[in-house]
Amino acid sequence: MQISTKFTIAVHLLTAARYFENETKITSQFLASSIGSNPVIIRNIMLQLQEAGIIDVKRGPGGITLRRPLSEITYLDVYKAVETGSREDLFRFHENPNPKCPVGRQIHQALDSSLETIQADFEKDLASHTVQEVYDRIRQAEEMD
């Protein structure tokens, strides 16, 4: 399984929004410069985060603001906001196993419970981390430099 770069871009975006909130307007142009990405990509991710209730976006040069503290924004929140397949099961089944084959006939049933457990564990692990952890590690690293 591979999660797209949208997840890490979103975490970067949220962390930068908090880090620079008192210094500058947090615009897609500003974030694109920090992230090293196209402002259109950043605006699309901002829209997804807004729709998920994580940020507010003011049009034009208004910038973004966080709707809640980073300590209340979990990795799972971010994942569900930006990963397009996050509302689906992690594992997708091939559609036409051969019902005449003993493996094909039983494969779905044989895998279902363990795959459900894996997905639940993945989501539980994501929910146990917050964007605040990232912010804190960046602040600590800055203090050491």
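Residues numbered from 1 in each chain as written. Predicted model: local features only at pLDDT ≥ 70, side-chain atom pairs only at ≥ 80, totals over all residues. Heavy atoms only, no water.

## Quick look at the overall build of the protein
Quick note on the threshold: Secondary structure elements follow DSSP: runs of H or I of four or more residues count as helices, runs of E of two or more count as strands, with numbering from the N terminus. Only C-alpha atoms enter the radius of gyration, while the globule expectation follows 2.2 Å times N to the 0.38, with N the number of residues. Partly exposed residues are those whose accessible area sits between 20% and 50% of the maximum for their type, while under 20% is buried and over 50% is exposed, using a 1.4 Å probe and protein chains only. The criterion used for residue contact is that any of the two residues' heavy atoms lie within 4.5 Å. Calculation of accessible area relied on Shrake-Rupley with a 1.4 Å probe; when residues are assessed, cover is drawn exclusively from the protein chains displayed. Counting rule applied: Lys, Arg positive; Asp, Glu negative; His and chain ends not counted. By convention, the point assigned to a charge is CZ for Arg, NZ for Lys, CD for Glu and CG for Asp.
Secondary structure summary: the protein contains 6 helices and 2 strands in total. The helix and strand sequence of the protein, counted from the amino end, reads α-α-α-β-β-α-α-α. Scaling as 2.2 N^0.38, a compact globule of 145 residues should have a C-alpha radius of gyration of about 15 Å, whereas the protein reaches 19 Å, well beyond that. Taking the principal axes of its C-alpha atoms as reference, the protein extends roughly 65 × 35 × 25 Å. When each of the 145 residues of the protein is scored for burial, the buried share is 32%. In the protein, the share of contacts with a sequence separation of at least 24, taken over all contacts with a separation of at least 6, comes to 62%. Carbon and sulfur atoms provide 50% of the accessible area of the protein, an area that totals close to 9,500 Å². The centroid of the 16 positive side-chain charges in the protein is displaced by 7 Å from the centroid of its 20 negative side-chain charges.

## What to know about helix 1 (residues 5-19)
What counts, and what does not: Here, expected helix span is obtained from the residue count minus one, scaled by 1.5 Å.
For helix 1, built from 15 residues, the straight-helix expectation of 21 Å at 1.5 Å per residue is met to within 8% by its first-to-last C-alpha distance of 21 Å. Within helix 1, burial applies to Phe7, Ile9, Ala10, Val11, Leu13, Leu14, Thr15, Ala16, Ala17 and Tyr19. In this fold, the buried residues of helix 1 make contact with helix 2 (28-35), helix 3 (39-51), strand 1 (55-58), strand 2 (63-66), helix 4 (75-82) and helix 6 (131-144).

## Some details on the confidence of the model for the protein
Basically, it comes down to this: Every residue is assigned a pLDDT by the predictor, reflecting its confidence on a scale from 0 to 100.
Per-residue confidence for the protein averages 91 on the pLDDT scale, and 95% of its residues sit at or above 70. When mean pLDDT is taken per element in the protein, helix 1 scores highest with 96 and helix 5 (residues 102-127) scores lowest with 91.

## Digging into the packing of aromatic side chains
We count it as follows: Each aromatic pair joins two rings of Phe, Tyr and Trp (for Trp, the six-membered one) with centres within 6.5 Å, and gets the label stacked for planes under 30 degrees apart, edge-to-face for over 60, and tilted for any other angle.
Taken as a whole, this structure holds 5 aromatic pairs when the rule is applied. Centroid distance tyrosine 19 to phenylalanine 20: 4.8 Å. Interplanar angle 65°. Geometry classified as edge-to-face. Tyrosine 19 gets classed as buried once you look at its relative accessible area, which sits at 18%. Seen from their ring centres, tyrosine 79 and phenylalanine 122 are 5.5 Å apart, and the 85° between their planes marks the pair as edge-to-face. Of the two residues, tyrosine 79 is situated in helix 4 and phenylalanine 122 in helix 5; the sequence distance between them amounts to 43 residues. Just as tyrosine 79 is buried, phenylalanine 122 falls in that class too. The structure contains a cluster of three or more aromatic residues connected by ring pairs, namely Tyr19, Phe20, Phe30 and Tyr135.

## Regarding the side chain of threonine 130
Inspection of the secondary structure puts threonine 130 in the loop between helix 5 and helix 6. Residue classification places threonine 130 among the buried positions, given a relative accessible area of 16%. Apart from the residues lying within four places of it in its own chain, the contact partners of threonine 130 are Leu70, Ser71, Ile73, Thr74 and Tyr75.

## Some words on the environment of tyrosine 19
With respect to the secondary-structure elements, tyrosine 19 resides in helix 1. Setting aside anything within four residues of it in sequence, one finds tyrosine 19 in contact with Tyr135, Ile138, Arg139 and Glu142.

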